[in-house]
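Fold and geometry: a report
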Amino acid sequence: MKRIVFKKKHTLEWENVPEPEITGNNQAIVRPIAVSRCDLDLPIVQGQTLFRSGIPIGHEFVAEIEETSPEISGVFPKGTKVIIPFQISCGLCPDCSSGHSKACTSVPFASHYGMGSSAKEFGGALSEKIFVPFAKQMLIPMPSDADPIALAAISDNIVESWKLVGQWLEKKPNSPVMVLGGFASSIGLYTASLAVGMGASEVLYLDDNQERLGIAESMGAHAVPYSVLPKSWEKKFPIVADCHGTKEGMDFSFRSISTEGIYGTPSIFWTNKLEIPYLELYNTGAVLKIGRVDSREHIPEILKKISEKKIQPEKVVTKTCSFEEAVDAWLEPATKLVVKMERT
């Protein structure tokens, strides 16, 4: 079968590999039908992360079941459309059972599709077929009326919005929210959309990109452009989602949090030596939420919000391409690229 591999910096290539096979119980083979480029994927291929080349690429995807091990074929018949968390997890170990499947101890730490050394074992989504271990735990049926293109990013970038604002608005309804857009370009928009849909009393979206500002405004956010970030915003917010991806954006966001406010970010800083304004945060009493998203746990929450029309993921997709075009299109700028995987 064919798949696309991150060969070297700025280079993707086609690769022919054997098709995956069912080798035991609780396994599935799926055919990706829509693959979304994560906000992190382009920096990976551009050599801006610690992820090394030589791996199959892509981790945000929805798929159709091709085959399962016999004992679960009645639950997941061939042709069933499914969502697959990008983090590999058994669903049964102590970490999985406590709601932290991203730290599953049945597989090497931080096992993912399409990222890191684990992709050599589990593959990447830009493939004709994908093997799914722990199928009963990992496969989530896709709603029959769902648009695969709109939903393609649900395992990562869309569920980041639940981490950043959804879980807090559930506890503190009507809270004002500030979203700072930037390198996590689609995540900021998903987050603004969810905040609006969940009834935040104000959703301020800041960005220096006109396309993203227009999308945020179409979703009902108060979209405000800037050319230079100030030290802080003139108004403090109890929930701040920092999708800027820079130290400057992080400091601005910290200083824009109200007393006992919550700061969240999807960004990764590739260092253990990042300074923060500790005393200012101490005096504010801020809550900082960083770290990898809980993909398996948050997908059902977002599916519920989509069914309630409280998030509009379809508005974030700005470009689509075919599987055949993906080698080139994956490297081109776009707020949210989705690959339609049907082969001609």
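Residues numbered from 1 in each chain as written. Predicted model: local features only at pLDDT ≥ 70, side-chain atom pairs only at ≥ 80, totals over all residues. Heavy atoms only, no water.

It is worth spelling out the sheet that holds strand 1 (residues 2–8) at this point. Taken in spatial order, the three strands make up an open sheet running 2-1-4, and their pairing is antiparallel. Of all strands in the sheet, those with a lone pairing partner are strand 2 (11–16) and strand 4 (55–56), marking the two edges. As judged from the six bridges shared by strand 1 and strand 2, these two strands associate in the antiparallel manner. The residue of strand 2 that forms the bridge with F6 is L12. (Pairing = 2+ DSSP bridges. Helix = DSSP H or I, 4+ residues; strand = E, 2+ residues; numbered from the N terminus.)

This brings us to a nonpolar patch on the surface. On the surface, a nonpolar cluster with roughly 570 Å² of combined accessible area is contributed by I276, Y278, L279, Y282 and L288. Looking at which element gives the most residues to the nonpolar patch, the answer is helix 10 (residues 278–284), with three residues. Position of I276 among the secondary structure elements: in the loop between strand 13 (257–264) and helix 10. Taking relative accessible area as the criterion, I276 reaches 39% and is therefore assigned partly exposed. (Patch = residues over 30% accessible without salt bridge, like charges linked within 9 Å, V, L, I, M, F, W, Y side chains within 5 Å. Areas by Shrake-Rupley, 256 points an atom, 1.4 Å probe, with all protein chains shown as cover. Salt bridge = Lys/Arg side-chain N within 4 Å of Asp/Glu carboxyl O. Buried < 20%, exposed > 50% of the residue type's maximum accessible area, 1.4 Å probe, protein only.)

Attention now goes to the packing of helix 6 (residues 154–171) against helix 7 (residues 185–197). Put simply, helix 6 and helix 7 touch, their axes get as near as 8 Å, and they point 40 degrees apart. Compared by their axis directions, helix 6 and helix 7 come out oblique. Seen along the crossing, helix 6 lies across helix 7 with a hand that is right-handed. Together, N157, I158, E160, S161, W162, L164, V165, G166 and L169 of helix 6 and S186, I187, Y190, T191, L194 and A195 of helix 7 make up the contact between the two elements. Within the contact of helix 6 with helix 7, the residues separate by chemical class into nine nonpolar, five polar and one charged. (Axes fitted to C-alpha atoms, helices over the stretch in contact; angles between N-to-C directions. Parallel < 35°, antiparallel > 145°, perpendicular 65-115°, else oblique. Left-handed = near helix turned anticlockwise from the far one by under 90°. Contact = heavy atoms within 4.5 Å. Nonpolar A, V, L, I, M, F, W, Y, C, P; charged D, E, K, R; others polar.)

Spatially, 11-10-9-12-13-14 is the arrangement adopted by the six strands of the open sheet, whose pairing is parallel. Pairing within the sheet leaves two strands with one partner each, and these edge strands are strand 11 (222–225) and strand 14 (287–289). Neighbour-to-neighbour, the strand axes of the sheet open up by a mean angle of 20 degrees, direction not taken into account. Bridge count between strand 13 and strand 14: three bridges; the pairing is parallel. Bridging from a neighbouring strand, Y263 pairs with L288 of strand 14. Together, strand 9 (177–180), strand 10 (203–207) and strand 12 (237–242) form the strand contacts of helix 7, whose direction differs from that of strand 10 by roughly 165 degrees. Packing against the sheet, helix 9 (residues 247–254) makes contact with strand 9, strand 10, strand 12, strand 13 and strand 14, and its axis sits at approximately 145 degrees to strand 13.

Here we take up the pattern of salt bridges. Evaluation of the coordinates by the stated rule reveals 17 salt bridges. Notably, a salt bridge pairs R255 with E280, separated by 2.9 Å at the nearest N-O pair. Highlighted residues: R255 in the loop between helix 9 and strand 13 and E280 in helix 10, separated in sequence by 25 residues. Taking relative accessible area as the criterion, E280 reaches 35% and is therefore assigned partly exposed. Across the pair K319 and E332 runs a salt bridge, and its minimum N-O distance is 2.4 Å. Of the two residues, K319 is situated in strand 15 (residues 319–322) and E332 in the loop between helix 12 (326–329) and strand 16 (337–340); the sequence distance between them amounts to 13 residues. Exposure remark for K319: the relative accessible area of 25% places this residue in the partly exposed category. Residues participating in the shared-partner salt-bridge network are E19, R31, E64, E66, K81 and K129.

With that settled, the discussion passes to the pairing of strand 9. Of the two faces of strand 9, the one holding V177 and V179 and the one holding M178 and L180 are both buried throughout. By the bridge criterion, four bridges tie strand 9 to strand 10 in an arrangement that is parallel. For V179, the partnering residue across the bridge sits in strand 10 and is Y205. Between strand 9 and its parallel partner strand 10, the chain crosses via helix 7, and the hand of that crossover is right-handed. Pairing analysis gives four bridges linking strand 9 to strand 12, with the strands arranged parallel. For M178, the partnering residue across the bridge sits in strand 12 and is V240. (Right-handed = clockwise from strand over helix to strand, strands pointing away.)

For the rest of this paragraph, the subject is the packing of aromatic side chains. Geometrically, a pair of aromatic rings is defined through the distance of the ring centres and the angle of the planes. Going through the model one piece at a time under the given rule, you end up with five aromatic pairs. Relative to Y263, the ring of F254 has its centre 4.5 Å away and its plane inclined at 55 degrees; by these criteria the two rings are tilted. When its relative accessible area of 4% is taken as the criterion, F254 is described as buried. The side chain of K2 reaches across the aromatic face of W14, ending 6.0 Å from its centre. Its end group placed over the ring of F237, K235 keeps NZ or CZ at 5.1 Å from the ring centre. (Phe/Tyr/Trp six-rings, centres within 6.5 Å; stacked < 30°, edge-to-face > 60°. Lys NZ or Arg CZ within 6 Å of the ring centre and 35° of its normal.)

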